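Commentary on secondary and tertiary structure
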Amino acid sequence: MVRRLLSGAALLVCVACNAALPDSPVEETSHASTDAIVGGSLSGAEHDAVVQLARDGQLSCTGTLIAPNLLLTARHCVAGQAPQNATDECVLGATLPASSFSVKLGAAVQNDGEIMTPDARGLRVFTATGSPTICGFDVALIQLDRKIPNAKIAKVRLTPLTKGEKGFTAVGYGVNGRTDALPSARLQRTNLVIEAVGPVNTTFTRRTGERVAYDVPANDFTTGESTCNGDSGGPLFDASMRIVGVTSRGLPVENSCLDLPAFYGGLAGNADIVRRAATAAGVELDEGTTEPESATEEPDDDTETAPKKTSKKKKPAEDEDEDEDSDTTALPTQTYGCTVAHGPATSHAGVVLGLALLVAATRRRRR
């Protein structure tokens, strides 16, 4: 998610994706903590489709190549500052010009996150149109100005998840959650479990026994402790190495990523915009061949129906939002740089960008 914020767009302050949810059952989740993105385990060559996303030359989020010229990331990573008079904590600012963004391949982070020689630049940005919100729609795609030769391409899974599915891996360039230090390399966290699938009211039990209540909007889902500032937009892979969602935000509890749930923008509920972006970029998506694990606990809602279940969101018409010529000027965003916490959720973008500014920002980048 966002890290500190220097850059702006990526670090939104999404304080509350907790909009009241319609008569959803209350569930209880818990997790055992191990080191990974929060903590730090190196990500290998199998994750080379995961790349650094820079805004104005500074590492701000994480992204994944799902085609040689198409990058998947979080919507808050491509958005400017929210209007000062915004009353909904999930509201985003306008989409920034595609030309503001560039990508850098490789696991290593160099020059304090300054991207001197990008491998490609943004040409066009795609998000769900309509009400600009991080909650339920924190998914964006960037068409690049060139096809990156010999790039590793990730598969996507556009079918719904269910609570309790296992074997997931989060990947990103964010901080480890125990310190605010910028990592020198891409990190991963394995063996994650899907804790909750929205829309649902649920609780998370921390290692101390404290129970934290939080809401998960339609199209979003959570795992236990995993991502942190700077991981925003980074992928969550299933056991078949297919991306099921992107790091979105975290709870603003203690301005920490530790021992708290991580929120992800789900691809299943945003499948239309993913497919539209692929069509516009002239590429075919690799959705793999492995069938998802069977599960019956959660309804098979997708983009068409899920938005109707949340009280604050209107169903957006999925289409490309803006191109590089139509975006507003890049405004620095006030962001936290963390993950989702109870109640108000905070985004994890802008991690590298503003290490110095990060201050309390928040915890994981989830970018």
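Residues numbered from 1 in each chain as written. Predicted model: local features only at pLDDT ≥ 70, side-chain atom pairs only at ≥ 80, totals over all residues. Heavy atoms only, no water.

1. Let's talk about the overall build of the protein chain
When helices and strands are counted, the protein chain shows 2 helices and 22 strands. Classification of the 367 residues of the protein chain by burial places 61% in the buried group. Counting contacts in the protein chain only where the partners sit at least 6 residues apart, residues at least 24 apart contribute 80% of the total. Of the accessible surface of the protein chain, which amounts to about 12700 Å², a share of 48% is contributed by carbon and sulfur atoms. (Helix = DSSP H or I, 4+ residues; strand = E, 2+ residues; numbered from the N terminus. Buried < 20%, exposed > 50% of the residue type's maximum accessible area, 1.4 Å probe, protein only. Contact = heavy atoms within 4.5 Å. Areas by Shrake-Rupley, 256 points an atom, 1.4 Å probe, with all protein chains shown as cover.)

2. Some remarks on the pattern of salt bridges
Inspection of every chain in the model, using the stated rule, returns 13 salt bridges. A salt bridge links Asp56 to Arg55; its shortest N-O distance comes to 3.7 Å. For Arg55, a relative accessible area of 3% puts it in the buried group. In this structure, Asp259 engages Arg206 in a salt bridge whose closest nitrogen and oxygen atoms are separated by 3.8 Å. (Salt bridge = Lys/Arg side-chain N within 4 Å of Asp/Glu carboxyl O.)

3. Quick look at the state of the cysteines
Tallying each qualifying case throughout the model produces 3 disulfides. Across a sulfur-sulfur distance of 2.1 Å, Cys61 and Cys77 are joined as a disulfide pair. Around the S-S axis, the bridge from Cys61 to Cys77 shows a dihedral of about -90° and counts as left-handed. Of the two residues, Cys61 is situated in strand β5 (residues 58–67) and Cys77 in the loop between β6 (70–73) and β7 (101–104); the sequence distance between them amounts to 16 residues. (Disulfide = S-S within 2.5 Å.)

4. Notes on the pairing of strand β12 (residues 187–192)
Across 2 bridges, the pairing between strand β3 (residues 41–42) and β12 is antiparallel. Paired with Ser41 across the two strands is Gln188, which belongs to β12. With 4 bridges joining them, strand β11 (residues 168–172) and β12 adopt antiparallel strand pairing. What sits directly across from Val171, in β12, is Gln188. (Pairing = 2+ DSSP bridges.)

5. Some words on the nonpolar core
One finds Ile66, Leu70, Leu141 and Val274 to be the most contacted residues of the largest nonpolar core, which totals 47 residues. Elements that contribute at least two residues to this core include exactly β4 (50–55), β5, β6, β7, β8 (120–128), β9 (140–144), β18 (242–250) and α1 (271–281). For this core, the leading source of residues is α1, giving 6 residues. If near-sequence neighbours (up to four positions away) are discounted, Leu70 is found in contact with Thr64, Leu65, Leu141, Ile142, Gln143, Leu144, Ala277, Ala278, Ala281 and Val283. Grouped together as the second largest cluster of nonpolar side chains are 11 residues, Leu161, Ala170, Leu192 and Ile194 included. (Core = buried A, V, L, I, M, F, W, Y, C linked by side-chain atoms within 4.5 Å.)

6. Some details on the pairing of strand β15 (residues 211–216)
Bridge analysis of strand β14 (residues 200–205) against β15 gives 6 bridges, and the strand direction is antiparallel. Across the sheet, the residue bridging to Thr202 is Tyr214, located in β15. Two successive antiparallel strands, β14 and β15, enclose a turn made up of 5 residues, where Gly209 displays a positive phi of approximately 95°.

7. Describing the environment of Lys155
Looking at the secondary structure, you find Lys155 in strand β10 (residues 155–156). With residues near it in sequence (within four places) discarded, Lys155 still touches Met241, Arg242, Ile243, Asp286 and Gly288.

8. Structural notes on α1
Residues of α1 that are buried include every one of Ala271, Ile273, Val274, Ala277, Ala278 and Ala281, and no others. The positive-phi residue at the C-terminal boundary of α1 is Gly282, with phi of around 75°.

9. Topic: the packing of aromatic side chains
Applying the stated criterion across every chain yields a total of 2 aromatic pairs. Measuring from ring centre to ring centre gives 5.4 Å for Phe221 and Tyr264, while their planes differ by 10°; the resulting arrangement is stacked. Of this pair, Phe221 sits in strand β16 (residues 220–223) while Tyr264 sits in strand β19 (residues 262–266), placing them 43 residues apart in sequence. Among the residues examined, Phe221 registers a relative accessible area of 3% and is labelled buried. Residue classification places Tyr264 among the buried positions, given a relative accessible area of 0%. (Phe/Tyr/Trp six-rings, centres within 6.5 Å; stacked < 30°, edge-to-face > 60°.)

10. A word on the side chain of Thr62
Counting through the fold element by element, Thr62 comes out in strand β5. At 3.1 Å, the side chain of Thr62 and the backbone oxygen of Gly230 are in polar contact. (Polar contact = N/O pair within 3.5 Å; in protein donor to acceptor, adjacent residues only side chain to side chain.)

11. As for the environment of Val103
Mapped onto the elements, Val103 comes out in strand β7. Assessed through its relative accessible area of 1%, Val103 is described here as buried. In sequence terms Val103 and Leu65 are 38 residues apart; their C-alpha atoms lie 9.7 Å from each other. Among residues more than four places away in sequence, those in contact with Val103 are Val51, Gln52, Leu53, Leu71, Pro118, Asp119, Ala120, Leu144 and Ile148.

12. Notes on the side chain of Ser43
Among the structural elements, Ser43 can be located in the loop between β3 and β4. A polar atom in the side chain of Ser43 sits 2.9 Å from the side chain of His47. Here Ser43 is in contact with Ala107, Val171, Arg186, Leu187 and Gln188, once residues within four sequence places are set aside.

13. Observations concerning the confidence of the model for the protein chain
Detailed reading of the predicted model is not advised wherever pLDDT is low. The share of residues in the protein chain with pLDDT of 70 or more is 67%, and the mean pLDDT across the chain is 75. Contacts of residues 28–36 to residues separated by more than four positions or lying in other chains number 36 contacts, the stretch itself having pLDDT below 50. (pLDDT = per-residue confidence, 0-100.)

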